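Residue strings, one per chain:
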Amino acid sequence: MLNEFKQFIMRGNAIDLAVGVVMGAAFTGIVKAIVTYLIGPIISLLAGAVDLSSLKFSIGPAVFKYGIVLNEIINFVMVGFVIFLIIKAINKFFKKNEKKEEVESGQEIKLLTEIRNELKKTNQSTNKA
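The text that follows walks through the structure, step by step, so that each part is easy to find.

## What to know about the overall build of the protein
- The number of helices and strands found in the protein is 3 helices and 2 strands.
- Walking the protein from its N terminus toward its C terminus, one meets helices and strands in the order α-α-β-β-α.
- For the protein, the proportion of its 129 residues judged to be buried stands at 6%.
- In the protein, of all internal contacts separated by at least 6 residues, the share reaching a separation of at least 24 is 37%.
- Summing over all exposed atoms, the protein offers an accessible surface of approximately 11200 Å²; the carbon and sulfur share of this is 68%.

Here's what the structure looks like:
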């Protein structure tokens, strides 16, 4: 049983999942900090106070705090926007690196084509002789 557990833990999927969870938690902290300390204050400057948590209505003894739901929706949209911007920046960075590799591989292909052509010429001249 201990060996089976060891095989399970050492399997790539379990380790990848663990790394993903840890990185996700760290990424969540970064995104929350950006939303709370950068985006939130900008929105507060533009729109005034954004705290809607005090909005509510009641029907009889039931109290519906819809302001809290609105706050969470706004927070969700802001977090989604920040994640979008981060992913967009990461994709842009990797596309630049891919373009550099494409240029280098294009030069390699050109060089290899020239070598192939020279080898063909050499083979043709040795066959004629």
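Still to come is the rest of the account.
## Some remarks on the nonpolar core
- One finds Val 31, Val 35, Met 78, Val 82 and Ile 86 forming the largest nonpolar core, which totals 5 residues.
- Breaking this core down by element, the ones donating at least two residues are α2 (12–47) and α3 (66–128).
- Sort the elements by how many residues they give to this core and α3 lands first, with 3 residues.

## Considerations on the pattern of salt bridges
- Evaluated as defined, the whole model comprises 1 salt bridge.
- Measuring nitrogen to oxygen at the nearest pair gives 3.9 Å for the salt bridge that ties Lys 121 to Glu 118. Of this pair, Lys 121 and Glu 118 both sit in helix α3, 3 residues apart, which is roughly one turn of the helix.

## Observations concerning the packing of aromatic side chains
- According to the stated counting rule, one finds 4 aromatic pairs in the structure shown.
- Residues Phe 57 and Phe 64 carry aromatic rings whose centres are separated by 4.9 Å and whose planes lie at 20 degrees to one another, so their mutual orientation is stacked.
- In this structure Phe 64 comes out as partly exposed when scored by relative accessible area, which is 38%.
- Both rings, one in Phe 93 and one in Phe 94, keep their centres 5.4 Å apart while their planes meet at 70 degrees; by these two values the pair is edge-to-face.
- Through pairs of rings, three or more aromatic residues link up here, namely Phe 57, Phe 64 and Tyr 66.

## Focus: a nonpolar patch on the surface
- There is a patch of nonpolar side chains on the surface, built from Leu 55, Phe 57, Ile 59, Phe 64, Tyr 66, Val 69, Leu 70, Ile 73, Phe 76 and Val 77 and spanning about 950 Å² of accessible area.
- At 6 residues, the largest contribution of residues to the nonpolar patch is made by α3.
- Its location among the elements puts Tyr 66 in helix α3.
- By relative accessible area, Tyr 66 is classed as partly exposed at 36%.

So, how was this worked out
Residues numbered from 1 in each chain as written. Predicted model: local features only at pLDDT ≥ 70, side-chain atom pairs only at ≥ 80, totals over all residues. Heavy atoms only, no water. Helix = DSSP H or I, 4+ residues; strand = E, 2+ residues; numbered from the N terminus. Buried < 20%, exposed > 50% of the residue type's maximum accessible area, 1.4 Å probe, protein only. Contact = heavy atoms within 4.5 Å. Areas by Shrake-Rupley, 256 points an atom, 1.4 Å probe, with all protein chains shown as cover. Core = buried A, V, L, I, M, F, W, Y, C linked by side-chain atoms within 4.5 Å. Salt bridge = Lys/Arg side-chain N within 4 Å of Asp/Glu carboxyl O. Phe/Tyr/Trp six-rings, centres within 6.5 Å; stacked < 30°, edge-to-face > 60°. Patch = residues over 30% accessible without salt bridge, like charges linked within 9 Å, V, L, I, M, F, W, Y side chains within 5 Å.

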